[in-house]
Amino acid sequence: MARVLLENITKIYPGGVRAIDGINLRIADQEFVVLVGPSGCGKTTTLRMIAGLESLSSGHISIGDRVVNDVPPKDRDIAMVFQNYALYPHMTVYKNMAFGLKLRGMPKNQIRQKVTETAKLLEIDHLLDRRPKALSGGQRQRVAVGRAIVREPVAFLFDEPLSNLDAKLRVTTRAEIKRLHQRLRTTTIYVTHDQEEAMTLGDRIVVMKDGKIHQVDTPLKVYHEPMNRFVAGFIGTPPMNFVDGTLAREAGKLVFRESAAGGELTSATNGFTLSVADHLQAKLAARVSQPIVLGIRPRLLQLQPSASSEMSGQLKLKVDVVEPLGSDMDVIGKTASGHHVVARIEAVELLSGASEVNMFFDSRKIHFFEPGDTGMNLSLTPGATTELNHALA
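Just so you know, the residues in each chain are numbered from 1, in the order the chain's sequence is written. Residues qualify for local features only when their pLDDT is at least 70, as the model is predicted, and side-chain atom pairs are given and counted only at 80 or more; totals for whole chains, interfaces and linings, by contrast, use all residues. With hydrogens and water set aside, each side-chain value is computed from the structure's full complement of heavy atoms.

> Give me the lowdown on the overall build of the chain, citing residues and values where you can.
The helix and strand labels rest on DSSP assignments: H or I over at least four residues marks a helix, E over at least two residues marks a strand, and numbering proceeds from the N terminus. Secondary structure assignment for the chain yields nine helices and 19 strands. Expressed along its principal axes, the backbone C-alpha trace of the chain runs to roughly 80 × 50 × 40 Å. Relative to its 393 residues, the chain shows a buried fraction of 49%. Contacts: residue pairs with any heavy atoms within 4.5 Å of one another. In the chain, once contacts between residues fewer than 6 apart in sequence are set aside, the share between residues at least 24 apart is 65%. Each accessible area value is a Shrake-Rupley result obtained with a 1.4 Å probe; residue values ignore everything except the protein chains displayed when judging cover. Looking at the chain as shown, the accessible area adds up to about 18,600 Å², and 49% of this sits on carbon and sulfur atoms. Asp and Glu are treated as the negative residues and Lys and Arg as the positive ones, with His and the ends of the chain left uncounted. Taken as the charge location is NZ of Lys, CZ of Arg, CG of Asp or CD of Glu. Across the chain, the centroid of the 48 positively charged side chains sits 7 Å from that of the 42 negatively charged ones. Accessible area is worked out with a 1.4 Å probe on protein chains only. A residue is then buried under 20% of its type maximum, exposed over 50%, and partly exposed in between.

Below, the structure is given as structure tokens:
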């Protein structure tokens with residue numbers, strides 16, 4: 001097992017396409033790190049460069065104490081599990097799992113022992129004589145994982161391994177991968193576009209966009225303290241609601257005034273007004289009369305104000321759609337100024353026919369962002385240390 005270190009990694013394809021733009025990341029020994037982001041953000045390219053399947057344009061990659069920029073993939077002592085399983089169709093499960101060990105010249109009795117032990121660990125020991133075409137998708141994925149485990153590499157690399165499975169099987173296989181890591185404690189780097197996978201699997205998650213890292217931290221820290229608007233909108237289901245507005249001063253206190261959606265950020269005449277929480281007054285004082293974006297998690301919105309809240313915000317929502325989800329329901333609508341808002345609340349039968357509802361929220365738990373797709377989170381303490389800032393510390 002070993003740490004993995006990326007230092008100022010850049011990948012530029014012909015034509016000047018910058019797929020990876022100078023990223024830095026330290027992955028500790030035995031850590032499970034998930035790279036997550038939308039399609040085209042560079043997460044798979046990063047993984048393939050670690051594996052040696054893509055060359056670097058600049059920067060250094062270290063695995064353990066060795067820089068591996070010019071080391072062939074087979075000599076990096078890593079094992080990769082692909083999205084499409086990459087099993088040999090003409091070989092049995094046993095031969096697929098044993099193939100890499102055979103190439104290393106390992107004695108047959110040791111190969112059999114390793115394959116048998118790993119197959120029992122993954123509960124596929126009864127499938128060793130079958131070929132891949134006789135297996136289900138979940139069984140094929142376990143074989144691919146088993147083939148990686150028997151090699152006892154210093155690091156596992158997973159490239160969206162669950163994307164070909166149905167929803168129920170994704171959940172069970174995800175749990176199996178997490179249990180395996182807890183047992184084996186092998187350094188693991190996992191790529192996915194599914195933020196739920198990232199949140200449930202990773203010790204830390206790396207949120208990427210346009211070839212850059214936007215935040216590196218524990219799942220809960222990323223959820224509760226997103227560094228910018230992109231991270232806030234990408235992590236969380238349903239995504240965070242964003243409302244354009246401006247800050248004004250009333251009776252010596254800052255207030256947020258909603259602006260017309262999609263229009264210029266000026267004080268609204270029919271939008272809602274919100275008193276800014278005390279702990280944010282000083283942080284936002286310099287933003288008076290400037291455009292600002294309010295962020296509210298859907299689960300923060302409720303039909304009744306919380307008795308435990310020291311202060312509550314309120315907005316009126318014109319209901320467009322109500323989506324039952326069992327014990328919960330999503331209420332989808334617009335504010336008076338036209339901002340789309342989703343509230344995830346406890347299911348209420350009588351709400352299905354409502355045209356307007358008042359939504360309450362604890363204003364101490366909201367966020368304020370600079371305008372723009374990647375506007376910084378102004379609610380965080382200025383200069384607060386983040387793992388992104390100290391990726392190479």
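> I'd like to hear about the sheet that holds strand S4 (residues 58-63), residue by residue, with values.
Whether two strands pair comes down to DSSP finding at least two bridges between them. In spatial order, the strands read S2-S1-S4-S5; together these four strands make up an open sheet with antiparallel pairing. Only two strands of the sheet have a single partner each, and these edge strands are strand S2 (17-27) and strand S5 (66-67). The sheet contact formed by S4 and S5 spans two bridges and is antiparallel. Bridge pairing in S5 places Ile63 opposite Arg66. Whenever a helix is involved, its axis is fitted only over the stretch in contact; in every case the axis is a line through C-alpha atoms, and angles between N-to-C directions fall within 0 to 180 degrees. Along the sheet, helix H1 (residues 43-51) contacts strand S1 (4-13), S2 and S4; its crossing angle with S1, the most-contacted strand, is approximately 115°.

> Describe in detail the sheet that holds strand S15 (residues 312-324), supporting the description with residues and values.
Strand pairing within a sheet occurs via backbone hydrogen bonds; the two strands may be parallel or antiparallel. Ordered by their spatial adjacency, four strands build an open sheet running S17-S16-S15-S18, and the pairing between neighbours is antiparallel. This sheet does not close on itself; its edge strands, each paired only once, are strand S17 (340-346) and strand S18 (356-362). When strand polarity is set aside, the average angle formed by the axes of neighbouring strands in this sheet is 50°. As paired strands, S15 and S18 are joined by seven bridges and run antiparallel to one another. Bridging across to S18, Leu315 finds its partner in Met359.

> Describe the confidence of the model for the chain, with residues and values.
Per-residue confidence from the predictor is reported as pLDDT, a score between 0 and 100. For the chain, per-residue confidence averages 89 on the pLDDT scale, and residues scoring 70 or more make up 92% of the total. Here residues 385-393 is a poorly scored stretch, pLDDT under 50, and it has 21 contacts once near neighbours within four places are set aside; other chains count.

> I'd like a description of the pattern of salt bridges, backed by residues and values.
For this document, the term salt bridge refers to a Lys or Arg side-chain nitrogen within 4 Å of an Asp or Glu carboxyl oxygen. For the structure shown, the criterion picks out 17 salt bridges. Here Glu250 and Arg257 are joined by a salt bridge, their closest N and O atoms 2.6 Å apart. In this structure, the salt-bridge partner of Asp278 is Lys253, at a minimum N-O distance of 3.3 Å. Note that Asp278 is positioned in helix H9 (residues 278-281) and Lys253 in strand S12 (residues 253-258), a separation of 25 residues in sequence.

> Describe the pairing of S12, listing the residues and the values that go with them.
Where strand S11 (residues 241-250) meets S12, six bridges bridge the pair, whose relative direction is antiparallel. Bridge pairing in S12 links Gly245 to Glu258. The hairpin turn running from S11 into S12, its antiparallel successor, is two residues long, and Ala251 in that turn takes a positive phi close to 55°. Pairing of S12 with strand S13 (residues 273-275), which is carried by three bridges, proceeds in the antiparallel orientation. Opposite Val255, over in S13, you have Ser275 as the bridge partner.

> I'd love a proper account of the environment of Phe368, names of residues and values included.
Here Phe368 shows up in strand S19 (residues 367-369). When its relative accessible area of 0% is taken as the criterion, Phe368 is described as buried. Once residues lying within four places of it in the same chain are set aside, the contact partners of Phe368 are Phe256, Val276, Leu280, Leu284, Ile292, Val293, Leu294, Met376, Asn377, Leu378 and Ser379.

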